Amino acid sequence: MITLPGGQFWMGSKAETGYREESPRHRVQIAPVAIGKYPVTQAQWRIMAQWDKVGRELNPEPAHFRGDDHPVENITWLDAVEFCVRLSLKTGKLYRLPTEAEWEYACRAGTETPFFWGEHLSPDHANYRPVAADEQNPWRERTTPVTSFAPNAFGLHDCHGNVWEWCSDQWHSSYQAAPQTGRIWDEQLRQSYSTLRLKWLHTPPQGDRVLRGGSWYSNATLCRSAARYHFHPYNQYTDFIGMRLACGDMA
């Protein structure tokens, strides 16, 4: 985990440069938060799957592309939350999925360009699917070890590509009425975090959950800092969806 300083940033894209669901671009205040240095690995997941069940069983080997230092994939949002709750109970700290605002703040690391290093993506920067794949721009067609590429200014790896990462928030089709802080955009789940703390969330979540970061299967456009996607929290059998941890109180 890396503790990020609090600060303000512009979340989303300008109307002329991004997709509709990435607007309106808005200023957000983020409190200090600890974020995983890279997505949860298969080795980490395997250990957690052996711990006592809280709300649901976890498959110790869910990933399609095997490797201890590769990101875990083929997990639902509910699996990811179970992982967080088990870790929280074991350590006495509140581990959770990052909010969408926290995730973009962490990915951007103080930048406003499409990617944290600039305007364009190349296979030297991230694991994704190039439009015109060739020997100079290979499509790897699978996940890669989580520290295969240089980190951003916060020291975080794989913010662009490799696996999509689950966030806490319920999906909204635009940022109209979005929170101006890094808090979760889901009042039911926010209340559950604040009142139940480390207990399992028994009430099934409503609506799709947000995914961020793109994957090995995504083109460069979907790997941008502002790019958003969504799936149902029960969605499984997707070898391009994983998770990254956050630690700290839910704002």
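Going by the structure above, here's the rest.
Summarised in this report is the structure supplied together with it. Numbering of residues starts from 1 in every chain and runs along the sequence as written. The model is predicted, so local features are restricted to residues of pLDDT at least 70 and side-chain atom pairs to those at 80 or more, both for listing and for counting; the totals for chains, interfaces and linings are taken over all residues. Side-chain measures were taken over the full set of non-hydrogen atoms in the model, leaving aside hydrogen atoms and water.

Bringing the overall build of the protein chain into the picture now. Counting its regular elements, the protein chain contains four helices and 10 strands. Strands are runs of DSSP state E lasting at least two residues, helices are runs of H or I lasting at least four, and both sets are numbered from the N terminus onward. Element order for the protein chain, N to C, with α for helix and β for strand: β-β-β-β-α-α-β-α-β-α-β-β-β-β. The C-alpha atoms of the protein chain give 17 Å as radius of gyration, which agrees with the globular expectation for 251 residues (18 Å, within 12%). In terms of principal-axis extent, the alpha carbons of the protein chain reach across some 45 × 40 × 30 Å. Per-residue accessibility, obtained with a 1.4 Å probe over protein chains only, is compared with the maximum for each type, and a residue is labelled buried under 20%, exposed over 50%, and partly exposed between these values. For the protein chain, with 251 residues in total, the buried portion stands at 54%. We call two residues in contact when some of their heavy atoms are within 4.5 Å. Contacts in the protein chain between residues far apart in sequence, at least 24 positions, make up 75% of those at least 6 positions apart. Accessible surface area values rest on a Shrake-Rupley calculation with a 1.4 Å probe, where residue burial reflects the displayed protein chains alone. Counting every atom, the protein chain has about 11100 Å² of accessible surface; 50% of that belongs to carbon and sulfur. Neither His nor the chain termini are counted; the positive set is Lys and Arg, and the negative set is Asp and Glu. Where a charge lies is defined by one atom per residue type, namely NZ (Lys), CZ (Arg), CG (Asp) and CD (Glu). The protein chain carries 26 positive and 28 negative side-chain charges, and their two centres are separated by 6 Å. We compute the radius of gyration over the C-alpha atoms and compare it with the globule rule, which gives 2.2 Å times the number of residues raised to the power 0.38.

Below, the discussion takes up the packing of helix α1 (residues 42-49) against helix α2 (residues 77-91). Helix axes are fitted to C-alpha atoms over the stretch in contact, other axes to C-alpha atoms as well, and angles between N-to-C directions run from 0 to 180 degrees. α2 packs onto α1 with a crossing angle of 70° between their chain directions and a minimal axis gap of 10 Å. Accordingly, the angle class assigned to the pair α1 and α2 is roughly perpendicular. For the element pair α1 and α2, the recorded crossing hand is left-handed. Along the contact surface, α1 presents Gln44, Trp45, Met48 and Ala49, while α2 presents Asp79, Ala80, Phe83, Arg86 and Leu87. Of the residues that constitute the contact of α1 with α2, the class distribution is six nonpolar, one polar and two charged. In what follows, roughly perpendicular refers to angles from 65 to 115 degrees, roughly parallel to angles under 35, roughly antiparallel to angles over 145, and oblique to any angle outside these ranges. A crossing counts as left-handed when the near helix is turned anticlockwise from the far one by less than a right angle, and as right-handed when that turn is clockwise. By the convention adopted, Pro, Cys, Tyr, Trp, Phe, Met, Ile, Leu, Val and Ala count as nonpolar, Lys, Arg, Asp and Glu as charged, and the other residues, Gly among them, as polar.

What follows deals with the sheet that holds strand β7 (residues 209-212). The strand order across the open sheet formed by four strands is β8-β7-β6-β9, and the pairing between neighbours is mixed. Each of the sheet's edge strands pairs with one partner strand only, and the pair in question is β8 (228-231) and β9 (241-243). With strand direction ignored, the average angle separating the axes of adjacent strands in the sheet is 50°. Two strands pair under a simple rule: DSSP has to find at least two bridges between them. As paired strands, strand β6 (residues 164-170) and β9 are joined by three bridges and run parallel to one another. Residue pairing across strands places Glu165 opposite Gly242, the latter belonging to β9.

Note on terminology: a nonpolar core comprises buried Ala, Val, Leu, Ile, Met, Phe, Trp, Tyr and Cys residues joined through side-chain atoms within 4.5 Å. Counting residues in hydrophobic clusters, the biggest one holds 29 residues, and the most contacted among them are Trp45, Phe83, Leu97, Trp166, Met243 and Leu245. Broken down by secondary-structure element, the contributors of at least two residues to this core are α1, α2, β6 and β9. Among the elements that make up this core, the one with the highest residue count is α2 (eight residues). Membership of the second largest hydrophobic core comes to 23 residues, among which are Val28, Val33, Ala101 and Tyr105.

This part is about the packing of aromatic side chains. Working definition: rings of Phe, Tyr and Trp (its six-membered ring) pair if their centres are within 6.5 Å, and the pair is stacked with planes under 30 degrees apart, edge-to-face with planes over 60 apart, and tilted otherwise. On inspection of all chains with the given rule, the structure shows 12 aromatic pairs. Taking 5.7 Å as the distance between ring centres and 45° as the angle between the ring planes, the aromatic pair formed by Tyr105 and Phe154 counts as tilted. Of this pair, Tyr105 sits in helix α3 (residues 100-108) while Phe154 sits in the loop between α3 and β6; the two residues are 49 residues apart in sequence, bridging distant segments of the chain. Here Trp216 and Tyr217 contribute two aromatic rings whose centre-to-centre distance is 5.4 Å and whose plane-to-plane angle is 75°, an arrangement assigned as edge-to-face. The class of Trp216 is buried, set by a relative accessible area of 6%. Judged by its relative accessible area of 39%, Tyr217 falls in the partly exposed class. A network of ring pairs unites the aromatic residues Phe65, Trp139, Trp216, Tyr217 and Phe240 as a single cluster. We count a charge as sitting over a ring when the NZ of a lysine or the CZ of an arginine lies within 6 Å of the ring centre and within 35 degrees of the ring normal. The lysine or arginine in question, Arg129, covers the ring of Trp139, its NZ or CZ lying 5.1 Å from the ring centre.

In spatial order, the strands read β1-β4-β10-β5; together these four strands make up an open sheet with antiparallel pairing. Looking at which strands have only one partner, the edges of the open sheet turn out to be β1 (2-4) and β5 (95-96). Note that strand β4 (residues 33-35) and strand β10 (residues 246-247) share two bridges and pair antiparallel. Paired with Ala34 across the strands is Cys247, a residue of β10.

Here we come to the pairing of strand β3 (residues 26-30). Only one face of β3 is covered, namely the one carrying His26, Val28 and Ile30; the face carrying Arg27 and Gln29 has none of its residues buried. Examined bridge by bridge, strand β2 (residues 7-11) and β3 share five bridges and lie antiparallel to one another. Along β3, the bridge assignment pairs Gly7 with Ile30.

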